[in-house]
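Here are the chains, one letter per residue:
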Amino acid sequence: MKLIITLISFIVLGAFAHPSFAQNTAQEEFGGSLPARTNDAAHPCISKQQYEFIEKRCAENIKTLHLDNKEQRTTTSTTFSWPLEPANGLNDCGYYVIFNYVDEDTTSGIKDYNCGAVTYDGHRGTDIGTEPYPFYKMDHNEVNVIAAAPGTIIEKSDGFFDRNCAMNSDTANYIIIQHTDGSVALYWHMKKFSLTSKVVGQTVVAGEFLGVVGSSGAATGPHLHFEVWSTISSSSLRDPWSGACNHYNPASWWAAQKPYTEPAVLKAQVNMLPVVLPGCDTTETPNEDSCFAPGVTAKFYFFLRNETAGDTVHERIINPDGSNFLIWTHNSLTNYLYSYWYFNRVLPSIAGTYTYETKYNGITCSKNFTVSCATLGVQPNADDEKIRVFPNPANTVLDIALNDVDNAPYSLTLRNIVGQVVSKDIEEITTRNGQRSIPVAAFPNGIYFLEVASGKMRIVKKIIIQN
Ligand SMILES: [Zn+2]
């Protein structure tokens, strides 16, 4: 498979590369499918016992708060906006993948609203994963769950474990909202202690913050399970997606229903070191760079949603003057719900700020990078100077000084060249400064990466240990 892709990529480049483009010796292409955050028929997102529990709680809460008397049932059906939004400065080209729809097949088979198979047997909601880097996104509060429609909170659960990788009987962090027409929406699997401070009985407007996407309850990674009932009984399940195989309701509940598939580039990035995707529940290491030495070989990554066989992804590196430095293509041979690819490419040797552009399905996703940052006086990151590590190369002990930073807990994570965490520490900053020492005598000599991260910032420093 890899050999075929490499061969095709070579032929395509050989046939179409313009002779005036920079010579490129490393043509390899790597990548493929990435895992879906999904459950299965035997271990659904919400168990039978949990449905019984929340039905009871919803009924009790409505009675206690006299919400049943307040609710004026109307025939107007609820209209949903999208229940997720990017937060905390997340400006990737995309941030979600739909891993499962409602299973419309009441037998042991599977069928989604569009008569496809993007579901698992017995699934009762829409599973929306936050990709790429779901645990990184969760740690940095990068994707919010927001109310898809206005209503009243009729049930809420918070404080439960949120890094679950097992389809077990864990309790989820969730919110259940009743709309004015009596219908109900469930927002499931959220991050521990991330939920809105609003309590049962309070109202929310459409788009209001409810919590952060997490992996609480039965889950194999962070995603939102969004489920709709027409009453407070779980037997009144609805499927908000309108399609030929939706047997629950003819009309869509979405104000603007998204297409069944949305082929798109979620993220484009340039790296010296590989992306590290360790799997559930370890936080991923994007290893994204913005400054490069001239003429080195870098890795050009892109992450795709709904990659479709027969499609072509157009890639190029754009010179500072807007002309092409290099173009190439990725030809899709297989359908993937969620996939990534990367290419080794030799960078320009002339100092300047270049653009890496990936174009797929009419959507362009770009990432700027600089060759010879020091020459151009470019700061790789404004926060970079606030974190000092010394001595470097280090022996015996590595000292880390944090100067003029916000007061917050900072995680100090040291990883080896293959991304394994060799040391992890928390430094609580209360006077905008702090210093911490990490003993490194026991670590093998080599290149390491220190990540200093708080809720607001993340700095990675390259460290050499030479004992
Ligand atoms: Zn689900």
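Above this text is the structure in question.
Now for a quick tour of the structure. Note that the structure is predicted; figures quoted are calculated from it, not measured.

About the cut-offs
Residues numbered from 1 in each chain as written. Predicted model: local features only at pLDDT ≥ 70, side-chain atom pairs only at ≥ 80, totals over all residues. Pairing = 2+ DSSP bridges. Helix = DSSP H or I, 4+ residues; strand = E, 2+ residues; numbered from the N terminus. Axes fitted to C-alpha atoms, helices over the stretch in contact; angles between N-to-C directions. Core = buried A, V, L, I, M, F, W, Y, C linked by C-beta atoms within 7 Å. Buried ≥ 20, exposed ≤ 12 C-beta atoms within 10 Å, placed from the backbone. Domains from an automatic or database assignment. Contact = placed C-beta atoms within 7 Å. Expected span 1.5 Å × (residues − 1). Arc of directions from axis to C-beta.

For the rest of this paragraph, the subject is the sheet that holds strand E10 (residues 209-212). Pairing between the strands of a sheet comes from backbone hydrogen bonds, and it takes one of two forms, parallel or antiparallel. Pairing is antiparallel across the open sheet formed by 3 strands, whose spatial order is E2-E5-E10. Lying at the two open borders of the sheet, with one neighbouring strand each, are strand E2 (84-86) and E10. Across the sheet, the mean angle separating the axes of adjacent strands is 35° when strand polarity is ignored. Relative to E10, strand E5 (residues 143-146) runs antiparallel, the two sharing 3 bridges. Bridging across to E10, Asn144 finds its partner in Val212.

Right, let's talk about the sheet that holds strand E1 (residues 29-33) for a bit. One open sheet accounts for 4 strands, arranged E1-E18-E15-E13; its pairing is antiparallel. Both outer strands of the open sheet, E1 and strand E13 (264-271), are each paired with one neighbouring strand and no more. Strand-to-strand, the axes of this sheet are offset by a mean angle of 15°, without reference to chain direction. Note: E13 against strand E15 (residues 297-307), 7 bridges, orientation antiparallel. Bridge pairing in E15 links Val270 to Phe300.

Counting 80 residues, the largest nonpolar core has Ile176, Ala185 and Tyr187 as the members making the most contacts within it. A domain-level breakdown of this core finds at least three residues from each of domain 1 (2-33 + 263-376) and domain 2 (48-238). Residues in contact with Ile176, not counting those within four places in the same chain, are Ile54, Cys58, Ile154, Glu155, Val184 and Leu186. One finds Leu402, Tyr410, Leu450 and Val460 within the second-largest nonpolar core, a separate group that totals 18 residues.

The subject of this paragraph is helix H2 (residues 48-64). For H2, built from 17 residues, the straight-helix expectation of 24 Å at 1.5 Å per residue is met to within 8% by its first-to-last C-alpha distance of 24 Å. Residues of H2 that are buried: Gln50, Ile54, Cys58, Asn61 and Ile62. In an axial view of H2, the angular spread of the buried residues amounts to 95°, which keeps them on one side of the axis. For H2, the exposed residues lying more than 90 degrees away from the buried face are Lys48, Gln49, Glu52, Lys56, Lys63 and Thr64. In the stretch just after H2, His66 is the one whose phi turns positive, near 55°.

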